[in-house]
Amino acid sequence: MSQEKRPLPLCNFLLKSDAVISVFVIMLGFLFATILIALVGRNPGGMYKALFQSMTGFNVNNGKWNPRYIGEWLNYSVPFIFCGFAMAFASRVGLFNVGGEGQYIVGMTIAQLGALYFPQVSVAQVALALLLATVGGAVWGGVVGWFKARFEVSEVVSTIMLNYIALYLSRIVTLAVPGSNTFKTPNFPATASLKVGFLTRLFNNSNLNAGIFLCVAGILIYYVIMEKTKVGFAMRATGFNKEAARAAGIPVVASVVASMAISGAFAGVGGGVVALGSFRYGRIITGMDNYGFTGMAVALVGNCTALGTALAGLLFGLLQASQSLMQTNNIPKEITFIIQGLVVVFIAFKTGFRLFLAWRMKEANR
């Protein structure tokens with residue numbers, strides 16, 4: 001009598017967990033980067049020293065600790081998380097939001113104008129600027145949702161086009177500010193800054209600002225809306241099957257428009273945080289900042305969940321913050337982009353990876 005074969009425990013576990021697969025592909029990305037660094041004759045340990053220093057502030061080479069590196073890591077992560085939510089929220093409704101960059105630029109531009117023209121009242125000025133940045137991003141995304149729901153216009157095409165409209169519109173509007181040159185506007189007043197004294201002192205003059213608190217609030221808002229409300233349920237149902245959702249009485253058009261508007265709002269506030277938290281003047285951008293585009297990768301790595309996207313944003317922020325430290329440790333900073341690319345490629349292979357695991361389990365049971 002032949003012994004009954006059981007499914008491979010590891011394969012079975014991986015098949016049931018998107019989070020584990022994400023962690024696995026991230027590890028693969030770092031493994032390939034390590035091999036690549038070794039192949040070009042560099043010491044891979046330099047990469048891990050740089051990453052460790054950004055996370056902890058501790059310099060392994062000289063034994064010194066500087067919390068500024070932690071602050072910079074968290075500050076870089078904030079816009080990645082916000083723009084990751086812009087992609088993730090739409091994805092849960094079955095949409096592909098390629099317009100996070102344009103929505104981010106709209107929010108950034110509105111926040112800059114608010115910093116220059118709103119009444120200089122402490123707290124009120126920066127709060128109003130961020131509120132309008134959020135609304136601007138929501139409108140920029142909501143328009144796409146309306147065209148998609150009403151006329152079946154591809155959200156991919158429309159968001160790509162709106163990215164360039166946002167870029168050049170931002171340049172035109174910001175260049176019109178009196179006293180601007182081709183690079184920047186006059187400096188913002190102190191009342192328009194997100195800088196917080198105790199954070200500046202705690203993290204040794206890093207750029208970390210009140211945007212980190214808005215980011216934590218954004219994580220909670222995303223989770224509550226998507227997982228704990230009727231609106232979120234309607235959106236998720238729409239994402240699973242529009243026709244079934246419509247037959248169940250769910251307003252599909254409203255769900256699509258609302259999802260794109262909320263997505264745009266996340267990217268818009270991300271742009272506002274960058275404008276008022278990391279700069280003392282308005283920027284006249286000549287190209288994309290790429291937070292919105294990278295946000296798509298962040299959402300995919302984080303499986304479009306609140307916690308997963310936040311953790312993925314921290315990872316991408318860590319890679320960004322570690323670039324200068326990489327060079328200090330004799331590692332080309334471009335290795336961070338290679339890691340990002342590898343992680344995204346491996347995430348794209350997730351479906352194929354699942355099929356492979358299912359095949360291995362089937363073979364084990366023969």
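1. Re the overall build of the protein chain
Inference 1: The helix and strand tally for the protein chain stands at 17 helices and 2 strands.
Inference 2: Taking 366 residues into account, the globule formula puts the C-alpha radius of gyration at 21 Å, and the protein chain, at 22 Å, falls close to it.
Inference 3: For the protein chain, the spread of C-alpha atoms along the three principal axes comes to 85 × 65 × 35 Å.
Inference 4: For the protein chain, the proportion of its 366 residues judged to be buried stands at 49%.
Inference 5: When the accessible surface of the protein chain is totalled, it reaches about 17500 Å², and 68% of it is carbon and sulfur.
Inference 6: Computed over 27 positive and 11 negative side-chain charges, the separation of the two mean positions in the protein chain equals 7 Å.

2. Observations concerning the packing of helix 4 (residues 68-91) against helix 12 (residues 252-277)
Inference 1: Where helix 4 meets helix 12, the closest approach of the two axes is 8 Å, and the angle between their N-to-C directions is 170 degrees. Between helix 4 and helix 12, the angle is such that the two are roughly antiparallel. Residues Val 78, Pro 79, Phe 82, Phe 85, Ala 86, Phe 89 and Ala 90 of helix 4 pack against Ser 259, Met 260, Ile 262, Ser 263, Phe 266, Ala 267, Val 269, Gly 270, Val 273 and Val 274 of helix 12.
Inference 2: In terms of residue class, the contact of helix 4 with helix 12 is built from 14 nonpolar, 3 polar and no charged.

3. Structural notes on the nonpolar core
As a rule of thumb, nonpolar side chains are buried together in soluble globular proteins.
Inference 1: Counting 92 residues, the largest nonpolar core has Phe 30, Met 47, Tyr 104, Ile 105, Tyr 222 and Leu 276 as the members making the most contacts within it.
Inference 2: A total of 14 residues in this core trace back to one element, the largest contributor, which is helix 4.
Inference 3: Setting aside anything within four residues of it in sequence, one finds Tyr 222 in contact with Phe 85, Ala 88, Phe 89, Arg 92, Phe 266, Cys 304, Thr 305 and Ala 306.

4. Digging into the packing of helix 5 (residues 100-117) against helix 6 (residues 124-151)
Inference 1: Where helix 5 contacts helix 6, the two axes come as close as 8 Å, and the packing angle between them is 150 degrees. The orientation of helix 5 relative to helix 6 falls into the category roughly antiparallel. Once helix 5 is placed against helix 6, the crossing between them reads as right-handed. Within the contact between the two elements, helix 5 uses Gly 102, Gln 103, Val 106, Gly 107, Ile 110, Ala 111, Gly 114 and Ala 115 and helix 6 uses Gln 125, Ala 129, Leu 132, Ala 133, Gly 136, Gly 137, Trp 140 and Gly 141.
Inference 2: When its residues are assigned to classes, the contact of helix 5 with helix 6 shows 8 nonpolar, 8 polar and no charged.

5. Section: the pattern of salt bridges
A side chain with one charge may pair with a side chain of the opposite charge, provided their charged atoms come close.
Inference 1: With the rule as written, the count across this model stands at 5 salt bridges.
Inference 2: Residue Glu 72 pairs with Arg 68 through a salt bridge whose shortest N-O separation is 3.7 Å. With Glu 72 and Arg 68 both in helix 4 and 4 residues apart, this pair spans about one turn of that helix.
Inference 3: When its relative accessible area of 11% is taken as the criterion, Glu 72 is described as buried.
Inference 4: Where Lys 148 meets Glu 155, a salt bridge forms, and the shortest distance between an N and an O atom there is 3.3 Å.

6. Considerations on the side chain of Gln 125
Inference 1: Looking at the secondary structure, you find Gln 125 in helix 6.
Inference 2: From its side chain, Gln 125 meets the backbone oxygen of Ala 115 in a polar contact 3.0 Å long.

7. Points about the confidence of the model for the protein chain
Inference 1: On average, residues of the protein chain score 91 in pLDDT, and 92% of them are at 70 or above.
Inference 2: When mean pLDDT is taken per element in the protein chain, helix 5 scores highest with 98 and helix 1 (residues 9-16) scores lowest with 56.
Inference 3: Residue range residues 1-5 is modelled with pLDDT below 50. Its contacts to residues more than four positions away, or to other chains, number 3 contacts.

8. Observations regarding the side chain of Ser 170
Inference 1: As for its placement among the helices and strands, Ser 170 is situated in helix 7 (residues 155-175).
Inference 2: What makes Ser 170 buried here is its relative accessible area of 3%.

9. Observations regarding the environment of Ala 258
Inference 1: Relative to the assigned elements, Ala 258 resides in helix 12.
Inference 2: Placed 113 residues apart in sequence, Ala 258 and Gly 145 show a C-alpha to C-alpha distance of 7.4 Å.

Here is what the cut-offs are and how they apply
- What you see as residue numbers is a count from 1 along each chain, following the sequence as written.
- Thresholds applied to this predicted model are a pLDDT of at least 70 for local features of residues and 80 or more for the giving and counting of side-chain atom pairs; totals over whole chains, interfaces and linings are not thresholded and use all residues.
- No hydrogens and no water enter the side-chain calculation; it runs on all heavy atoms of the structure.
- Secondary structure elements follow DSSP: runs of H or I no shorter than four residues count as helices, runs of E no shorter than two count as strands, and numbering proceeds from the N terminus.
- We compute the radius of gyration from the C-alpha atoms alone; for a globule the expected value is 2.2 Å times N to the 0.38, where N is the number of residues.
- Residue exposure (1.4 Å probe, protein chains only): buried if accessible area is under 20% of the type maximum, exposed if over 50%, otherwise partly exposed.
- In these tables, accessible area is a Shrake-Rupley quantity obtained with a 1.4 Å probe, and a residue counts as shielded only by the protein chains included in the view.
- In this count, Lys and Arg are taken as positive residues and Asp and Glu as negative ones, while His and the chain termini are left out.
- A charged residue contributes its charge at one atom only: NZ of Lys, CZ of Arg, CG of Asp or CD of Glu.
- Lines are fitted to the C-alpha atoms to define the axes, a helix being fitted only along its stretch in contact, and any angle between axes, read from their N-to-C directions, falls within 0 to 180 degrees.
- The labels follow the angle: roughly parallel below 35 degrees, roughly antiparallel above 145, roughly perpendicular from 65 to 115, and oblique for the rest.
- A contact between two residues is defined here by any heavy atoms of the two lying within 4.5 Å.
- Note on residue classes: Ala, Val, Leu, Ile, Met, Phe, Trp, Tyr, Cys and Pro are nonpolar, Asp, Glu, Lys and Arg are charged, and everything else, Gly too, is polar.
- Residues belong to a common nonpolar core when they are buried Ala, Val, Leu, Ile, Met, Phe, Trp, Tyr or Cys residues joined through side-chain atoms within 4.5 Å.
- Note: crossing handedness is left-handed where the near helix turns anticlockwise from the far helix by less than a right angle, and right-handed where it turns clockwise.
- Salt bridge, as used here: a side-chain nitrogen of Lys or Arg that lies within 4 Å of a carboxyl oxygen of Asp or Glu.
- Whenever a nitrogen or oxygen atom comes within 3.5 Å of another N or O atom, the pair is scored as a polar contact, on the condition that within protein one atom can donate a hydrogen and the other can accept it, and that pairs from neighbouring residues in sequence are kept only if both atoms are in side chains.
- pLDDT measures how confident the predictor is about each residue, on a scale from 0 to 100.

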